[in-house]
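# Descriptive analysis of the structure
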Amino acid sequence: MDVDVDDFLIWQSAFHRDANGDADYDGHTDGDDLLAWQEQFGTGIGGNASASLTIPEPSAAGLLLVCAPLLLAKAQKTRA
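Looking now at the side chain of Thr29. Tracing the backbone through its elements, the reader meets Thr29 in the loop between α1 (5-14) and α2 (31-40). Side-chain polar atoms of Thr29 contact the backbone oxygen of Asp18, separated by 2.7 Å. Within the local environment of Thr29, its side chain forms a polar contact with the backbone nitrogen of Asp22, the two atoms lying 3.4 Å apart. In contact with Thr29, other than residues within four places in its own chain, are Trp11, Ala14, Phe15, His16, Asp18, Ala19, Asn20, Gly21 and Asp22.

The structure is reproduced here in structure tokens:
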């Protein structure tokens, strides 16, 4: 189950009205439930948001493979 904007809309419509947006199981929808939503936004319930947002960095070898042909082409062009 993903925590997304739909869950925020549920919290917003239930705020101080009923327990439909109760994320911490205390029987009512309040600011603590919003905090729980913010901490879990974009993840599965109880997940780690930072783990889902990590972007792998390219390795030096990968950058060299991409850039070497470009540098060689430029070097040949300047010699001519």
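For His16, which is not a glycine, the phi torsion comes out positive at approximately 55°. The exposure class of His16 is exposed, given its relative accessible area of 60%. One non-glycine residue, Tyr25, lies in the positive phi region at around 55°. Topologically, Tyr25 is positioned in the loop between α1 and α2.

With that out of the way, let us pick up the packing of α1 against α2. Across the interface, α1 lies against α2 with an axial gap of 10 Å and an inter-helix angle of 175°. Judged by the angle between their axes, α1 and α2 are roughly antiparallel. Touching Asp7, Phe8 and Trp11 of α1 are Asp33, Leu34 and Trp37, all from α2. Considering only residue class, the contact of α1 with α2 consists of four nonpolar, no polar and two charged.

The rules behind the values
- Residue positions are given per chain, counting from 1 as you read along its sequence in written order.
- Per-residue local features are limited, in this predicted model, to residues with pLDDT of at least 70; the limit for side-chain atom pairs, both in listing and counting, is 80 or more; totals at the level of whole chains, interfaces and linings are taken over all residues.
- For side-chain calculations, the full set of non-hydrogen atoms in the structure is used, while hydrogens and water are omitted.
- Put simply, DSSP marks the helices as runs of H or I at least four residues long and the strands as runs of E at least two long, and each gets a number from the N terminus on.
- Identification of polar contacts relies on pairs of N or O atoms within 3.5 Å, with a donor-acceptor requirement for protein atoms, meaning one able to donate a hydrogen and the other able to accept it, and with residues adjacent in sequence counted only if both atoms are side-chain atoms.
- Residue contacts follow a heavy-atom distance rule, with two residues in contact if any of their heavy atoms lie within 4.5 Å.
- When a residue's accessible area, from a 1.4 Å probe over protein chains only, is under 20% of the maximum for its type it is buried; when over 50% it is exposed; and in between it is partly exposed.
- Axis geometry follows a simple rule: fit a line to the C-alpha atoms, using only the stretch in contact for helices, then measure angles between N-to-C directions, giving values from 0 to 180 degrees.
- Roughly parallel means an angle under 35 degrees; roughly antiparallel, over 145; roughly perpendicular, 65 to 115; everything else is oblique.
- Basically, the charged four are Asp, Glu, Lys and Arg, the nonpolar ten are Ala, Val, Leu, Ile, Met, Phe, Trp, Tyr, Cys and Pro, and anything else, Gly included, counts as polar.

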